[in-house]
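# Structural overview for review
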Amino acid sequence: MSLINLVDLPDLGDDRGGLVSIEANKHIPFAVKRVYYIFKTHEDVARGFHAHKELKQLVICVSGSCKMVMDNGISKDDVILNTPKKGLLIDSLVWREMHDFSEDCVLLVLASEYYDESDYIRNYDEFLKKAEP
Ligand code: T46
């Protein structure tokens, strides 16, 4: 089964331009406690390289593009994020890496929890131990 869970976001755009509205517990399966965005990532840089113990997130590429690699310790999938009309759901215990950022890439992230460094697993071997079925 693919790890890529893309959610169609409601497109309320009209002839004036685009508009997407996202409601917690309706379009995404959690209440949003935190919002952050990643922008102006240098083209030769990759980000992520960690998993989360509990955190769930929805990642929306509101501008530009990048590649998201997801790994649950058993299988690995990747997807190009390049539209503000879809969000990528990332469950807990999924190792993620972000590559190939375009210059204009902006990733908007809706998170189920407040920032907590102790929720991060930044060591791949430790991740594999936690992800074991
Ligand atoms: C994720 C991917 C998609 C905070 O203090 N508060 C925050 O809300 C965040 C997200 C980060 N930070 C601090 C932690 C680090 O010292 O900002 C620094 C950069 O974070 P990090 O290296 O984890 O950034 P990315 O781009 O590798 O990963 C981020 C999120 O941290 C992560 O949860 O899933 O984006």
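Residues numbered from 1 in each chain as written. Predicted model: local features only at pLDDT ≥ 70, side-chain atom pairs only at ≥ 80, totals over all residues. Heavy atoms only, no water.

Per an unreviewed UniProt entry, the chain carries the name Sugar 3,4-ketoisomerase and comes from Reinekea marina.

If you check the shell around the ligand, you find 13 residues, and the closest are Arg 34, His 52, Gln 57, Arg 96 and Tyr 120. Side-chain polar atom of Tyr 120 to an oxygen atom of the ligand: 2.5 Å apart, as the coordinates give it. Within the side chain of Arg 122, one N or O atom sits 3.0 Å away from an oxygen atom of the ligand. Protein burial of the ligand: of its 660 Å² of free accessible surface, 68% is covered by the chains. Looking at the shell around the ligand, the elements with two or more residues in it are β2 (34-39), β3 (47-52) and β8 (95-99). For the shell around the ligand, the element with the highest residue contribution is β3, accounting for four residues. Considered class by class, the residues forming the shell around the ligand number five nonpolar, four polar and four charged. (Near = heavy atom within 4 Å. Polar contact = N/O pair within 3.5 Å; in protein donor to acceptor, adjacent residues only side chain to side chain. Areas by Shrake-Rupley, 256 points an atom, 1.4 Å probe, with all protein chains shown as cover. Helix = DSSP H or I, 4+ residues; strand = E, 2+ residues; numbered from the N terminus. Nonpolar A, V, L, I, M, F, W, Y, C, P; charged D, E, K, R; others polar.)

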